[in-house]
Amino acid sequence: MKKVKTAALILASVVMAASAASAAAGADYSGLKNYLMLDSDSFSGEYDINDDGKTDVFDVCHLKQQILYETEKPDTPESFFSLGEASIDSSEKKIYIPLVLSPTDYYISKFSLELKFDSDSFLLSYLNEGDMCGQWSWSVSEGNVEIEYITDETSSYGGTAFIAEYDINEGVPEGYYEFSVENIRVTVTDDSGEERVLTAEECPENAGVSTVYIDNTVSPPVVTDPPVVTTPAPVHEAPEIYNAMIALKKDYPDGTPWTNDNGYAWNGGIYSMGYGCAGFAFMLSDAAFGNLPARIIEDWSNYQIRVGDILRVNNDGHSVIVLEVNESGVVLAEGNYNNSVHWGRKMSWSEVNNTLTYIMTRYPE
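Reference entry: report on the structure contained in this document. If you're wondering where the values come from, they're calculated on a predicted model, not measured in any experiment.

1. Considerations on the overall build of the chain
- In terms of helices and strands, the chain carries 6 helices and 19 strands.
- Across the 365 residues that make up the chain, the buried fraction comes to 47%.
- For the chain, long-range pairs separated by at least 24 residues make up 69% of all intrachain contacts whose partners lie at least 6 apart in sequence.
- Per element, the accessible surface of the chain, about 18600 Å² overall, is 50% carbon and sulfur.

2. Observations concerning empty space enclosed by the protein
- Evaluation of the coordinates by the stated rule reveals 2 cavities of 30 Å³ or more.
- By volume, the second largest cavity amounts to about 60 Å³.
- Of all elements in the fold, only β3 (94-101), β8 (159-168) and β9 (175-189) reach the threshold of two or more residues within the lining of the second largest cavity.
- Counted by class, the lining of the second largest cavity contains 9 nonpolar, 1 polar and no charged residues.

3. A word on the pairing of strand β11 (residues 209-214)
- Only one face of β11 is covered, namely the face carrying Ser210, Val212 and Ile214; the face carrying Val209, Thr211 and Tyr213 is uncovered.
- Inspection of the sheet shows β9 paired to β11 by 6 bridges, in the antiparallel sense. Across the sheet, the residue bridging to Tyr176 is Tyr213, located in β11.

4. Examining helix α5 (residues 277-289)
- Between its first and last C-alpha atoms α5 spans 18 Å; for 13 residues at 1.5 Å apiece the expected length is 18 Å, and the two agree.
- Within α5, 12 of the 13 residues are buried, leaving the element largely enclosed by the surrounding structure.
- Along α5, the residues that are buried comprise Cys277, Ala278, Gly279, Phe280, Ala281, Phe282, Met283, Leu284, Ser285, Asp286, Ala288 and Phe289.

5. Examining the layout of surface pockets
- Within this model, the largest pocket holds a volume of roughly 260 Å³.
- Together, 18 residues line the largest pocket, and Ser87, Tyr96, Asn315, Asn354 and Thr355 are the ones closest to its centre.
- Considering every element that reaches the lining of the largest pocket, the biggest residue donor is helix α6 (residues 349-355), with 3 residues.

What counts and what doesn't
Residues numbered from 1 in each chain as written. Predicted model: local features only at pLDDT ≥ 70, side-chain atom pairs only at ≥ 80, totals over all residues. Heavy atoms only, no water. Helix = DSSP H or I, 4+ residues; strand = E, 2+ residues; numbered from the N terminus. Buried < 20%, exposed > 50% of the residue type's maximum accessible area, 1.4 Å probe, protein only. Contact = heavy atoms within 4.5 Å. Areas by Shrake-Rupley, 256 points an atom, 1.4 Å probe, with all protein chains shown as cover. 1 Å grid on protein atoms, 1.4 Å probe; cavity = no way out; pocket = protein on both sides within 12 Å on 5 of 7 lines; lining within 4 Å. Points joined across faces, edges and corners; volume = space filled by probe spheres on them. Nonpolar A, V, L, I, M, F, W, Y, C, P; charged D, E, K, R; others polar. Pairing = 2+ DSSP bridges. Expected span 1.5 Å × (residues − 1).

Shown next as structure tokens:
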């Protein structure tokens, strides 16, 4: 036992220095330390690395490398997914939370996940289109929303998959509420076309939490900075604009496939081409305005939205064109809405205020 005590004295600094590292790594080498520093007859042999029947300087040197390796292991990678900043529409009692997919080195063919929230206080009412091209299906089970999303070849570049729209139930107490994305399963396709599901080490199963404060005592004004002027221009002021756009409905009826693969060369300037939702809006805009130049309105505090204006919404993730303006809001036409053409979706003024990024108009100044 004397020889072991001598080895312990020589290597005490190694073991003591390593103890902090092992604690950080979650390993427990206290048994080794106790054995080396004390005369113990209860050694189990688990630290005899080279199987020579004893624990000595050689074993401790090996263990030192093991301790350092465990300490230097890379952290668990972040998820590809994250929840964007929530926006609250107090007047409509709605919450909008985007799900964002970061660019990856994988070709993601599909993913599934669950949205977690307080189902007694909120209701998932809709999944709004983001700037990714894909199709989703969703179901509600015991207050959890299970979503499966099938992507296309643009998925590796990331983007906003969708924006979850929640209704705030009546009588929700004031306070903080958490919304999260959990149980993420990502299926990727390799160069040979084979599919596999990523492990939790490759893509963690949780995407974090978005915390929202509900204040039922004082409702803050629902505006963007600067606010949208919601005094509508009557539709009958621009019947020729409306008629030119709606005439395309016979060629592109509701449900016509339209994705980011569909492009259109625009006559309005600013952009020479538009793809997906932008391309469809540009096509209707040319039908209505011909070769008139377009201009971008970023400060819309004194601007009145009109029929034929293109709105960039959803955190700069989606383009729509205005078919009608009324007291309640606007009526839209859009492409790449669930991978297809859609006519007639309504957007309230409060939704416009909360999601509008900029306006493109071809009305002369």
